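Chain by chain, the residues:
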Amino acid sequence: MRTQGSGQLSLVALVFALGMSAVAQAAELPPWEPPTTEAEGQADAGPAESTATEPQGETKPASQGEAKPVEAGPQPKVAPASGPANGGTANVRSLARDEVPPPPIDPNDAPFMRPPNNQIGTTPPRTRPDIRQGWSARRRFALTVAPTYAMLRLPFQGRTTGNNQVPRLHGAGVGAEFDVQAWRWIWVRAMGVYSGHPVGEERAQMDMEVVRTAPPGMIHVMSYGVGPVFALDLGRFLPLIEVGVAGLRVVTPTGGVTGQRGEACMANGACDVGLKCNSARICEVTTIGEMYLGLAVDLLVRRHLSFGAQFRYNVRFAELKSLNLTPGYLLGTLRLTVRF
């Protein structure tokens, strides 16, 4: 009985000693953490994460009841993060690949620097709807040269047809215009045109005799005037509407019958179209007052150069009094304009 009681006491003492040693060993262990993967470790890294790594070969103490130690492998070096966890990881990866970040989509995020160097070139926003090009509004002067087709339809003495119809005398010439912008869509134009109209000799039968009624030669016509031009600037297209007053000088061939240029005035003091009777009773050239109306369209092909076409007709003041709007001088031109 004594032997059995002493054996039980020895077993209890052994169990107590083992329990005390286990408690002491557990007090020295750090708190237990679940194992994590490398990707989870990078995602959970905070702004205060250290760049130091654990030395290789360090032995982690095993949990209670385990006798096998666990060795930690080499850990990757992590640069200090400058922002949240995901943003810091993205910046680290982009810098690791040595790639230039894309330019910002929002122009307000672009730095205030001149292009290039991967900078965005910004333009100032428009303050009002405007369909004109930016440099189109800065042209204040225009100089135009225009080859001209001209048609003269005036009642010259001795050149009417059998039905007393005024013939059409075709010719060609050249014109010049100078424009100054007075307001946004109003210009002031000074223009000049010259044209030549070849004519032949005219004969008629009078009292059983054929006589010459008009000499051959060239009729020279010069027109000059001034007036406003209304322009609607559409960028590359520039429609133009012009009105104004002009003077017309008509120089007919010399020689012929009474009333023509260089000949004596008629009995009532009248002369041919474009002529007047001077103090010596000789017909000489004078200026005819007239009004003109024109339409044109210009096409801008360079910053300061444009091409276009124009139609203009002139009506004498004497015809306006009788409400006769038949054009006496009709022009069709091709325009070459320099704007500055």
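One can find the structure itself at the top, above this paragraph.
Residues numbered from 1 in each chain as written. Predicted model: local features only at pLDDT ≥ 70, side-chain atom pairs only at ≥ 80, totals over all residues. Heavy atoms only, no water.

Draft legend 1. The arrangement of the overall build of the chain in detail. Within the chain, the regular secondary structure consists of four helices and 14 strands. Here the chain holds 340 residues, and 26% of them are scored as buried. Counting only contacts in the chain whose residues sit at least 6 apart along the sequence, the fraction spanning at least 24 positions is 59%. For the chain, the exposed area adds up to about 22700 Å²; of that, 61% sits on carbon and sulfur atoms. (Helix = DSSP H or I, 4+ residues; strand = E, 2+ residues; numbered from the N terminus. Buried < 20%, exposed > 50% of the residue type's maximum accessible area, 1.4 Å probe, protein only. Contact = heavy atoms within 4.5 Å. Areas by Shrake-Rupley, 256 points an atom, 1.4 Å probe, with all protein chains shown as cover.)

Draft legend 2. Structural context of the state of the cysteines. Applying the stated criterion to the full structure yields two disulfides. Here C265 is linked by a disulfide to C277, with a sulfur-sulfur distance of 2.1 Å. Judged by the torsion about the S-S bond (110°), the C265/C277 disulfide is right-handed. Note that C265 is positioned in the loop between β9 (237–251) and β10 (275–277) and C277 in strand β10, a separation of 12 residues in sequence. For C265, a relative accessible area of 9% puts it in the buried group. (Disulfide = S-S within 2.5 Å.)

Draft legend 3. Representation of the nonpolar core. Counting residues in each nonpolar core, the largest one holds 18 residues, and the members touching the most others are L152, L154, F156, I219, L248 and Y329. When residues no more than four places from it in sequence are discounted, the contact partners of L248 are L154, V221, M222, S223, T286, T287, I288, E290 and Y329. (Core = buried A, V, L, I, M, F, W, Y, C linked by side-chain atoms within 4.5 Å.)

Draft legend 4. Seen up close, the pairing of strand β7 (residues 209–214). Across five bridges, the pairing between strand β6 (residues 202–206) and β7 is antiparallel. When the bridges of β7 are listed, Q205 appears paired with V210. Hairpin connection from β6 to β7: two residues lie between these consecutive antiparallel strands, with D207 at a positive phi of about 55°. (Pairing = 2+ DSSP bridges.)

Draft legend 5. Expanded view of the pattern of salt bridges. Following the criterion strictly, the structure yields 11 salt bridges and no others. Residues D179 and R189 are paired through a salt bridge, measuring 2.8 Å at the closest nitrogen-oxygen approach. Linking D179 in strand β4 (residues 169–181) with R189 in strand β5 (residues 186–199), this pair joins segments that are 10 residues apart in sequence. In this structure, D179 and R189 share a single accessibility class: buried. Sharing partners across several salt bridges, the network here consists of E177, D179, R189, E242, D298, R312, R335 and R339. (Salt bridge = Lys/Arg side-chain N within 4 Å of Asp/Glu carboxyl O.)

Draft legend 6. Representation of the side chain of D298 in the model. Its location among the elements puts D298 in strand β12 (residues 287–300). For D298, a relative accessible area of 1% translates into the label buried. One polar contact links D298 to R339, side chain to side chain, over a distance of 2.7 Å. Excluding residues within four positions of it along the chain, D298 makes contact with R236, F237, L238, L240, S306, F307, G308, R335, T337 and R339. (Polar contact = N/O pair within 3.5 Å; in protein donor to acceptor, adjacent residues only side chain to side chain.)

Draft legend 7. Representation of the sheet that holds strand β14 (residues 329–339) in the model. Reading around the circumference, β3-β4-β5-β8-β9-β12-β13-β14 is the order of the eight strands in this closed barrel, with antiparallel pairing throughout. Strand-to-strand twist of the sheet, defined as the mean angle between neighbouring strand axes without regard to direction, takes the value 25°. Pairing geometry for strand β3 (residues 141–152) and β4, over 12 bridges, is antiparallel. Among the inter-strand pairings, T148 is bridged to a residue of β4, identified as G173. (Axes fitted to C-alpha atoms, helices over the stretch in contact; angles between N-to-C directions.)

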